[in-house]
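So the chains spell out like this:
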Protein chains: 4
Amino acid sequence: MSNRIPHFINGQQVLTEGRSSDVYNPSTGSVIRKLPLADDKTVQQAIDAAKAAFPAWRNTPPARRAQVMFRFKQLLEQNKDRIVRLISEEHGKTIEDATGELQRGIENVEYACAAPEILKGEYSRNVGPNIDGWSDFQPLGVVAGITPFNFPAMVPLWMYPLAIVCGNCFILKPSERDPSSALLVAELLQEAGLPKGVLNVVHGDKSAVDALLQAPEVKAISFVGSTPIAEYIYSEGNKRGKRVQALGGAKNHAVVLGDADLDNAVNALMGAAYGSCGERCMAISVAVAVGDAVADALIAKLTPKIRALKIGAGTELGLDMGPLVTKDAQNRVLGYIEDGVKAGAELIVDGRGLSVAGFENGFFVGGTLFDKVTPDMRIYREEIFGPVLCVVRVDSLEEAMRLINEHEYGNGTCLFTRDGEAARLFCDEIEVGMVGVNVPLPVPVAYHSFGGWKRSLFGDLHAYGPDGVRFYTKRKAITQRWPQRKTHEAAQFAFPSNG
Amino acid sequence: MSNRIPHFINGQQVLTEGRSSDVYNPSTGSVIRKLPLADDKTVQQAIDAAKAAFPAWRNTPPARRAQVMFRFKQLLEQNKDRIVRLISEEHGKTIEDATGELQRGIENVEYACAAPEILKGEYSRNVGPNIDGWSDFQPLGVVAGITPFNFPAMVPLWMYPLAIVCGNCFILKPSERDPSSALLVAELLQEAGLPKGVLNVVHGDKSAVDALLQAPEVKAISFVGSTPIAEYIYSEGNKRGKRVQALGGAKNHAVVLGDADLDNAVNALMGAAYGSCGERCMAISVAVAVGDAVADALIAKLTPKIRALKIGAGTELGLDMGPLVTKDAQNRVLGYIEDGVKAGAELIVDGRGLSVAGFENGFFVGGTLFDKVTPDMRIYREEIFGPVLCVVRVDSLEEAMRLINEHEYGNGTCLFTRDGEAARLFCDEIEVGMVGVNVPLPVPVAYHSFGGWKRSLFGDLHAYGPDGVRFYTKRKAITQRWPQRKTHEAAQFAFPSNG
Amino acid sequence: MSNRIPHFINGQQVLTEGRSSDVYNPSTGSVIRKLPLADDKTVQQAIDAAKAAFPAWRNTPPARRAQVMFRFKQLLEQNKDRIVRLISEEHGKTIEDATGELQRGIENVEYACAAPEILKGEYSRNVGPNIDGWSDFQPLGVVAGITPFNFPAMVPLWMYPLAIVCGNCFILKPSERDPSSALLVAELLQEAGLPKGVLNVVHGDKSAVDALLQAPEVKAISFVGSTPIAEYIYSEGNKRGKRVQALGGAKNHAVVLGDADLDNAVNALMGAAYGSCGERCMAISVAVAVGDAVADALIAKLTPKIRALKIGAGTELGLDMGPLVTKDAQNRVLGYIEDGVKAGAELIVDGRGLSVAGFENGFFVGGTLFDKVTPDMRIYREEIFGPVLCVVRVDSLEEAMRLINEHEYGNGTCLFTRDGEAARLFCDEIEVGMVGVNVPLPVPVAYHSFGGWKRSLFGDLHAYGPDGVRFYTKRKAITQRWPQRKTHEAAQFAFPSNG
Amino acid sequence: MSNRIPHFINGQQVLTEGRSSDVYNPSTGSVIRKLPLADDKTVQQAIDAAKAAFPAWRNTPPARRAQVMFRFKQLLEQNKDRIVRLISEEHGKTIEDATGELQRGIENVEYACAAPEILKGEYSRNVGPNIDGWSDFQPLGVVAGITPFNFPAMVPLWMYPLAIVCGNCFILKPSERDPSSALLVAELLQEAGLPKGVLNVVHGDKSAVDALLQAPEVKAISFVGSTPIAEYIYSEGNKRGKRVQALGGAKNHAVVLGDADLDNAVNALMGAAYGSCGERCMAISVAVAVGDAVADALIAKLTPKIRALKIGAGTELGLDMGPLVTKDAQNRVLGYIEDGVKAGAELIVDGRGLSVAGFENGFFVGGTLFDKVTPDMRIYREEIFGPVLCVVRVDSLEEAMRLINEHEYGNGTCLFTRDGEAARLFCDEIEVGMVGVNVPLPVPVAYHSFGGWKRSLFGDLHAYGPDGVRFYTKRKAITQRWPQRKTHEAAQFAFPSNG
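- Where an unreviewed UniProt entry is consulted, chain A appears under the name methylmalonate-semialdehyde dehydrogenase (CoA acylating), with the organism given as Ventosimonas gracilis.

Listed below in structure tokens is the structure:
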């Protein structure tokens, strides 16, 4: 079938028979492509290609490896429209949102262009008398990435540009929901001059994941997805002596203080809660209002904006929100809304029952707002991953911080205030890996690193940026001494035959 | 009983009843002390003390935390003789060797004194227009170290000075074979001004290790020991969401090229193979001679020196080697020698049957040399951890390197040569974490980091030095924006009551 | 004469005849010691000693050089009382203030203890195929420091611990007003184990300065003092191919916004304006009040506190302020006060005519406060270096910042506010090298670097901290390639006679 | 006239009347263009444009500034042929050599693309209790570059991409001999999206240089040229409070040991001595042979290769060498050859009297080789800047190093050997800023920094790379504390009107 998506192995598209899954356009609810699910043999084929490509790629100077990334950046910019359309078509997010996603991914490619700088080792002359020591950072070999549906282009770009520019060969297993943009992007890297086998894409489900986990040639795995699977991959990978960084779920709180610029905070919350239908691990899903006055004002200002959200097929322009990614996702979110009502939360805006004209089978849920949510409710404790914002009311910043610090997740958080001291206290003591001050989605730029705390990330090192470099390299420490001659006479160095 | 060793919890010696084990003087073969083996309750007591001490210690500025380390260095230097005597008495190594061990440990304290420098984060102004971003490195909380018998003072000093100066609280479980020096050293840190509870020492066996593994309050574990236990701790710790760095076994090869300064190489090998009775994870246990001429010369020069080794009770001065640490260790080494003979290796010097006058019950084995060892023999494949050096003969540097790269361990290695190119080739392509050029024990200095590759280390980050800092801290990324006013008139900032 | 102060050259006290100057106790107004003023021969003697000591010191591993600094820190702490008393006796500052000064100096010694870390170079494997490159930081040779009277112990400690630990040899010319503490401190470094000749102290005036400027062996000069002399040394030193960093005058403004915690700001201003009698290059000498309400409140709260300042002989305990350093300094300050009155500033507290019982000949001036100072007045434009605080009234933060940015000096400044945005705006756009937010004396800690902008500092690199390391070292870049052999057979490396 | 070259000011070509100079094609000896020499007014126009552009450019986030550099790299690659032809036409070097020059320049643009990484500041939480400190690197404002004829495209690219990406505005005064390639390159940066006024090009001679030196708006000057002018600019610039880095002359020695791979060394020397007609500050102009056997072999192998050099018009393909840049340069080199002969050096190959068919008026000198040159000869002491290689004979490596260390210049040097110890000794103790081991032109890659020692460079910081970043930025140190409230109740933060 022409709509069967290929794997990409050793520089070539590879079509396989066997098990497959359906790829939907969530705006229409229809199947648009078929995705082959790799069996062990296909996974091994990719591993073999990567392994074969490694020795030459490892020995390519970093500055030359970076040249491929410079060209990759150009190609991504030139092919932006194609990529963005594929994202939107399979994921459902708006074109504008997909464009932002791709831009963030390109920034990771830019960081990879700095390979010669970021791979510098440390040199010490005279660690002892006439003894020198230095540390070098060498690639691991074959490494793999397993990426989620919610940023089908960006999350792969968090991983392989850096892994590859560090000298590794890479196997990507993109999400089976929306794999096409990831495949296109990977092919562009090939077009940019990457030797074949250095990057490979295999599609698949748990079976492919397990094949990667079990393969001794795979030295490291980067994962982004849900917490239970993150934990599984972390412990299974580690058990086999691999490095793993596994990023999982989140429940990100925004705290609003009374001195905040409320209009600004409300606009920020709208984007952070409902952008991409809430299907972001950095989405704000809880707004913590400090004081009832703040809570009342927030609710008053949010309500009409939520009702006015422009919702439709992601591939159309000028929208605020598209559908959820699957029917299952839609049902899960609807279930949470019902659960919230039952638990006694006040449902201010109800997103259920939304029908988009012309897209009646799309997986839509409208923007939803709960007030008076309490920490014991499921809608507070669990990650909904949908367009549902919960308002929690507290009496002090300290109480807000206690809530956040007691939550099992610690991915992102944000404080709205004008007060320098409140900001410093919050940044210092909050048990969360990524903190915003008046910045609702504090995703670190590509030259810093991304990572949550607590059960939002398993591993020592965060994703991309400086931590990414360390994750994709291993330290080699060298100590060197040369036995000394008294003097270095000409005779002593004269042609060996006279020696 | 006066010879029962206490735990050290919350700043105080704690004596417990219950299970205990014997501590020997291996030179005499006699039990000299009794060691309590902590039950879960005692371990929990230490964890509770550490947890209680954490908030205040975390908030103590790094420069003040460093003051404790400056004083600790002084106290270690002032108490050197006491510490060294305890090491030698319980471990068996010579006084000179114990002195060297302590010196290396002190260097890690010196590195910890640089806390304010090594904890610097990264700051970026204008990650976006008027948005700033920075990364901060925050302590983990309660962390633990489990250390081996072979460097009873040094390995704990690899861990807790750095962990503590980074703001963590620490629980040390030293080896049950020779715990007294570790205990003394820990008490000196308290004397240096460390708040109580920041460092705790609990003695114990697998039961205590498991209690640490299971405690949710313990956020990270550093381990040094054998590979099977390293693997166990790595996977059990990871399974519970902890960070783990676990250092295991080794089989360190020294390659000798024909252009090497042979006398120099032979002297280096003597120390590296027989020092501390070979009970070092960086000991050279295989000498790879490139060419038979080199092999013959090596054997000829080593043999008389091995026979002349001065062996006796570690606590006496002027010796080259003391006993092995336990009767079991002695038996294991003797078993390996027998196994080597059976497998067909040529036994050049036989260390069996050594009796030291006045110390007839000591756990002694003499220096042993095998020639014509081959890669299939157990004495080649396994870590003997005794005074046994195996000579392997090869035809080229490439062949030597292939041997090393195929061995399951990759801790340390060394090349003896005068040739710049050979050195560069070796350093670049050898699959080993710590490489020496004419340096037989390439243990990185305290301001670089220590770690092997392959099955010699499990984890992303090496021990001590810059990697140690990253292991004992987690990254927090902050993104900050302040909503802008047009101008900042006096009126606008006037006392709020007028606002 | 027993009260004649010696030079310290090549590890020994050296007494010279010839020109001399008087050293006073400014609290009593009496001469207490005689200071020899070095002629060219004496300066050259110091240079020769430094030059002779250089080769061995340069080759001493950084970690060993750091050991001297560790011991130096201990000796400084043990001799704190003696040093502090000498500072106070010759400079006039209070014992508490001198103690603070010494503490800050010791922190620079602590930073020097991190030598192995801060001297790390950058290493790049494969800058080209099989070509490696690295950068190393090597000492300059003989370098000199010329230091001011106002921090007689601290400013020398900004310079030579770092210069020396980087491998240089040093010549210090301390202020001729209060040289005794600097001499004592230097002798303690010798006692700490510094090889003789590595640090030398010569006393003198312009003639000694010129001898240092002209000596080709002196590769770099660090200077702290007034702007005209800083400029002279900068251009004369540069003309002779030396590196120079020359720190000059200051006029540090504190801006107070209406939302500031005023009591806190007032307390901060008291210390920053009147501490050490205003004889600090980081002293706050201008308070810029944003809005008349703030100005009125400031004046109201400052006035009684200024009148209540406890002023007396620096060597007594429990005081707020001592005398100025010389009769000339006293007269200069009194002249400025008169000038301010004539120019139309409102003299709120008049410090003239102060007499301290028992110390009637001391060089005292009381705390002085002017209101309604304007930018055209000499008391605003020039550095008074005395206990005189000028209040300037403005209408907005922007106006306050314009004032500061237009002033010729740009050393330090501070903003008092609670507002995060105001702080960010101020920090970003103010043309001043050291900025405090609610910190009145934003002297960077020893692991950052000290330096003003505009005519407050001449040179590329700031003092101490990371910039200090770069100032005291020169970069050497090495590029290394080894011609490759095909294989490395045993025969090829066999004894050369067979080659 | 259509062949009058314009200035480039505020984003536009500016044609001026007044004084001008001739631009030659040195291969034909004919004038091909006229160059206007800027008067003070034109220089000031450029300064004004730069100053006006500064505030907005400074506030543009580094990551956006870097985007311009990414596009600049593309444009340079797309326009490579045009640029290379202009270089060759006006300078005389071969097309292949010009291509190499441009490539090196592009690498500096690549380094500038890493702006967000290389501009990171240092952040310290808790420099005191609840006090944070950080250091930021801010642009200087308007800075200038004065560049030499020998790398008309590359040396400007060492300077302004980095200066500009750091946030500065730049004025380039290229060499008046071959300004066209620099102008074209600058226009391409504009095309890449640089705001107008950020980069300006003014042509001129000493009068323009002096105008830049005197302008108070110009905060820093980078210069590459001869040592007397470097010294002039360094001391005149410093006198006016500017930062200056001024790179001057060189006399680079290659030392050849008896164990070197001689064929390799000879090939390396051919390129390093005669490439670009010896008009490179990194050209090898002295070969130091250790032992007569080495010297004799070198002479024997070099002679036929020098005689076989293919010399012609630079713009033709397949040549080894073109003409010198001017008639004056030709005469100067011929004079040196005559002087060498008179002084008693042995002239092995005589490059005088060369005539190239069809280019009889070109400024050609053939490859020239002297043997038995001694340190007292002018051809040894002075920089010839022509295709003249001097062989000096010595008896030991130590003697060779003494020679080098006593020479007034210390730019580059190289050792040919296989011996690790010799290489280490040489690298460690040679008084030269850039050192090669078997690398004849050890120009550091763009991510390290370029700079000589002794009278080859005046200034603290080397050119481009990490030092370049520091040269083009000034450090600002911020210390921040927020006065603490007890708790942060809702009421306290509630709308100010309730406050």
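Let's pick the thread back up.
### Notes on the interface of chain A and chain B
- Contact with chain A, which involves 65 residues of that partner, is made by 65 residues of chain B.
- When residues of chain A are sorted by the area they lose upon contact with chain B, A:Arg418, A:Asp460 and A:Arg475 head the list and together hold 13% of the total.
- Linking chain A with chain B are 8 salt bridges.
- When the shortest N-O distance is used, the salt bridge between B:Arg475 and A:Asp467 registers 2.8 Å.
- With 8 residues, the top contributor of residues to the side of chain A that touches chain B is strand β22 (residues 473-481) of chain A.
- Split by residue class, the side of chain A that touches chain B holds 25 nonpolar, 20 polar and 20 charged.

### Quick notes on the interface of chain D and chain C
- The interface is formed by 66 residues belonging to chain D together with 65 residues belonging to chain C.
- Carbon and sulfur atoms make up 47% of the surface buried where chain D meets chain C, a total of about 5,400 Å² over both sides.
- Considering only the side of chain D, the residues that lose the most area to chain C are D:Arg418, D:Asp460 and D:Arg475, jointly responsible for 13% of the buried surface there.
- One can count 8 salt bridges joining chain D with chain C.
- One salt bridge in this structure joins C:Asp467 and D:Arg470, with 2.7 Å as the shortest N-O distance.

### Considerations on the side chain of A:Arg4
Residue and element names in this part refer to chain A.
- Structurally, the position occupied by Arg 4 is in the segment before β1 (7-9).
- Of the buried charged residues, Arg 4 lacks a salt bridge, with Glu 17 as the closest side chain of opposite charge at 4.9 Å.
- Here the side chain of Arg 4 touches Thr 16 through a polar contact of 3.0 Å, landing on its backbone oxygen.
- The contacts of Arg 4, once residues within four sequence positions are left out, are Leu 15, Thr 16, Glu 17, Gly 18, Arg 19, Ser 20, Lys 34 and Pro 36.

So, how was this worked out
Residues numbered from 1 in each chain as written. Chains lettered and ligands numbered in written order. Predicted model: local features only at pLDDT ≥ 70, side-chain atom pairs only at ≥ 80, totals over all residues. Heavy atoms only, no water. Contact = heavy atoms within 4.5 Å. Buried area = accessible area lost by both parts, 1.4 Å probe. Salt bridge = Lys/Arg side-chain N within 4 Å of Asp/Glu carboxyl O. Helix = DSSP H or I, 4+ residues; strand = E, 2+ residues; numbered from the N terminus. Nonpolar A, V, L, I, M, F, W, Y, C, P; charged D, E, K, R; others polar. Buried < 20%, exposed > 50% of the residue type's maximum accessible area, 1.4 Å probe, protein only. Lys, Arg positive; Asp, Glu negative; His and termini not counted. Polar contact = N/O pair within 3.5 Å; in protein donor to acceptor, adjacent residues only side chain to side chain.

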